[in-house]
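This is what each chain is made of:
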Amino acid sequence: MDVVTNIFVGLHIIGIASLLGGFLTQMKAMSAGTARFVPAMLHGALTMLVTGIVLVGLNQAQDHPVNTIKIGIKMAVLVVILALVYVKRDEETVDKPLFGAVGGLTVANIFIAVLWT
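Quick caveat, the model's predicted, so the values are computed rather than measured.

Draft legend 1. View of a nonpolar patch on the surface. The grouping of Val-3, Ile-7, Leu-11 and Ile-14 at the surface amounts to a nonpolar patch, some 370 Å² of accessible area in total. Take Ile-14: it is sitting in helix α1 (residues 2-25).

Draft legend 2. Main features of helix α4 (residues 68-87). The terminal C-alpha atoms of α4 lie 28 Å apart, and with 20 residues this matches the ideal 28 Å at 1.5 Å per residue to within 8%. Residues of α4 that are buried include every one of Lys-70, Lys-74, Val-77, Leu-78, Ile-81, Leu-82 and Val-85, and no others. Buried residues of α4 fall within an arc of 140 degrees about the axis and therefore sit on the same side. Counted as exposed and oriented over 90 degrees from the buried face of α4: Thr-68, Ile-69 and Val-87. Check the buried side of α4 and you find it contacts α1, α3 (39-61) and α5 (96-115).

Draft legend 3. Structural context of the nonpolar core. With 21 residues, the main nonpolar core has Leu-19, Phe-37, Met-41, Ile-81, Val-85, Phe-99 and Val-102 as its most contacted residues. Among the secondary structure elements, those contributing two or more residues to this core are α1, α2 (27-32), α3, α4 and α5. Not counting the four nearest positions on each side in its chain, Ile-81 is found in contact with Leu-19, Val-102, Leu-105 and Thr-106.

Cut-off values and rules
Residues numbered from 1 in each chain as written. Predicted model: local features only at pLDDT ≥ 70, side-chain atom pairs only at ≥ 80, totals over all residues. Heavy atoms only, no water. Patch = residues over 30% accessible without salt bridge, like charges linked within 9 Å, V, L, I, M, F, W, Y side chains within 5 Å. Areas by Shrake-Rupley, 256 points an atom, 1.4 Å probe, with all protein chains shown as cover. Salt bridge = Lys/Arg side-chain N within 4 Å of Asp/Glu carboxyl O. Helix = DSSP H or I, 4+ residues; strand = E, 2+ residues; numbered from the N terminus. Expected span 1.5 Å × (residues − 1). Buried < 20%, exposed > 50% of the residue type's maximum accessible area, 1.4 Å probe, protein only. Arc of directions from axis to C-beta. Contact = heavy atoms within 4.5 Å. Core = buried A, V, L, I, M, F, W, Y, C linked by side-chain atoms within 4.5 Å.

Take it as geometry only, folks, not as evidence of what the structure does.
Structure follows, in C-alpha coordinates:
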(Lines give C-alpha, C1' and ligand atoms only; values in the text may rest on other atoms or scores of the structure.)
Protein backbone atom coordinates (compact mmCIF):
# COMPACT_ATOMS: atom_id res chain seq x y z
CA MET A 1 0.00 0.00 0.00
CA ASP A 2 2.95 2.33 0.64
CA VAL A 3 4.04 1.99 -2.99
CA VAL A 4 0.60 3.09 -4.20
CA THR A 5 0.63 6.04 -1.80
CA ASN A 6 4.10 7.07 -2.99
CA ILE A 7 2.99 6.85 -6.63
CA PHE A 8 0.11 9.22 -5.90
CA VAL A 9 2.42 11.56 -3.97
CA GLY A 10 4.64 11.67 -7.05
CA LEU A 11 1.67 12.39 -9.30
CA HIS A 12 0.51 15.10 -6.89
CA ILE A 13 3.94 16.75 -7.11
CA ILE A 14 3.83 16.53 -10.91
CA GLY A 15 0.47 18.36 -10.79
CA ILE A 16 1.97 21.07 -8.60
CA ALA A 17 4.93 21.38 -10.97
CA SER A 18 2.62 21.70 -13.96
CA LEU A 19 0.50 24.40 -12.34
CA LEU A 20 3.42 26.40 -10.98
CA GLY A 21 5.54 25.82 -14.10
CA GLY A 22 2.73 27.11 -16.32
CA PHE A 23 2.51 30.20 -14.14
CA LEU A 24 6.27 30.79 -14.16
CA THR A 25 6.52 30.46 -17.95
CA GLN A 26 3.94 33.25 -18.28
CA MET A 27 5.65 35.68 -15.87
CA LYS A 28 7.33 37.65 -18.66
CA ALA A 29 4.04 37.81 -20.54
CA MET A 30 2.33 38.96 -17.34
CA SER A 31 4.62 41.98 -17.14
CA ALA A 32 3.72 42.77 -20.75
CA GLY A 33 0.00 42.30 -20.03
CA THR A 34 -0.38 39.33 -22.38
CA ALA A 35 -0.36 36.44 -19.91
CA ARG A 36 -2.89 33.66 -20.32
CA PHE A 37 -3.73 30.44 -18.53
CA VAL A 38 -2.02 27.66 -20.46
CA PRO A 39 -3.53 24.15 -20.60
CA ALA A 40 -0.74 22.83 -18.35
CA MET A 41 -2.09 24.97 -15.53
CA LEU A 42 -5.59 23.52 -15.82
CA HIS A 43 -4.29 19.96 -16.12
CA GLY A 44 -1.95 20.46 -13.17
CA ALA A 45 -4.76 21.78 -10.96
CA LEU A 46 -7.02 18.87 -11.93
CA THR A 47 -4.21 16.41 -11.26
CA MET A 48 -3.64 17.95 -7.84
CA LEU A 49 -7.34 17.71 -7.00
CA VAL A 50 -7.76 14.08 -8.03
CA THR A 51 -4.51 12.84 -6.51
CA GLY A 52 -5.10 14.84 -3.33
CA ILE A 53 -8.50 13.20 -2.84
CA VAL A 54 -6.98 9.77 -3.49
CA LEU A 55 -4.15 10.46 -1.02
CA VAL A 56 -6.61 11.41 1.73
CA GLY A 57 -8.55 8.22 1.05
CA LEU A 58 -5.40 6.09 1.10
CA ASN A 59 -4.25 7.63 4.37
CA GLN A 60 -7.62 7.08 5.98
CA ALA A 61 -7.72 3.48 4.71
CA GLN A 62 -4.40 2.85 6.44
CA ASP A 63 -5.64 4.49 9.66
CA HIS A 64 -3.04 7.25 9.40
CA PRO A 65 -4.06 10.52 11.06
CA VAL A 66 -5.42 13.08 8.61
CA ASN A 67 -5.53 16.76 9.53
CA THR A 68 -8.95 17.54 8.08
CA ILE A 69 -8.67 21.28 8.72
CA LYS A 70 -5.42 21.47 6.75
CA ILE A 71 -6.84 19.33 3.94
CA GLY A 72 -10.02 21.42 3.86
CA ILE A 73 -8.08 24.67 3.56
CA LYS A 74 -5.81 23.22 0.86
CA MET A 75 -8.82 21.95 -1.06
CA ALA A 76 -10.62 25.31 -0.78
CA VAL A 77 -7.55 27.13 -2.12
CA LEU A 78 -7.21 24.59 -4.94
CA VAL A 79 -10.89 24.89 -5.87
CA VAL A 80 -10.49 28.68 -6.15
CA ILE A 81 -7.40 28.19 -8.34
CA LEU A 82 -9.18 25.61 -10.47
CA ALA A 83 -12.27 27.79 -10.87
CA LEU A 84 -10.22 30.82 -11.95
CA VAL A 85 -8.15 28.85 -14.43
CA TYR A 86 -11.17 26.97 -15.82
CA VAL A 87 -13.33 30.06 -16.31
CA LYS A 88 -10.56 32.11 -17.95
CA ARG A 89 -8.85 29.28 -19.88
CA ASP A 90 -10.08 30.38 -23.34
CA GLU A 91 -9.32 34.08 -22.98
CA GLU A 92 -6.38 35.46 -24.93
CA THR A 93 -5.16 37.54 -22.00
CA VAL A 94 -5.82 37.52 -18.27
CA ASP A 95 -5.62 40.58 -16.05
CA LYS A 96 -2.39 40.87 -14.06
CA PRO A 97 -4.04 40.79 -10.61
CA LEU A 98 -6.04 37.67 -11.46
CA PHE A 99 -3.04 35.91 -12.95
CA GLY A 100 -0.88 36.91 -9.99
CA ALA A 101 -3.55 35.66 -7.59
CA VAL A 102 -3.40 32.20 -9.13
CA GLY A 103 0.38 32.14 -8.72
CA GLY A 104 0.18 33.44 -5.17
CA LEU A 105 -2.50 30.92 -4.20
CA THR A 106 -0.45 28.11 -5.73
CA VAL A 107 2.61 29.09 -3.71
CA ALA A 108 0.45 29.49 -0.60
CA ASN A 109 -0.93 25.98 -1.12
CA ILE A 110 2.60 24.60 -1.37
CA PHE A 111 3.66 26.31 1.85
CA ILE A 112 0.53 25.13 3.65
CA ALA A 113 1.40 21.57 2.64
CA VAL A 114 5.03 21.83 3.68
CA LEU A 115 4.97 24.01 6.79
CA TRP A 116 1.71 23.02 8.48
CA THR A 117 2.56 19.99 10.58
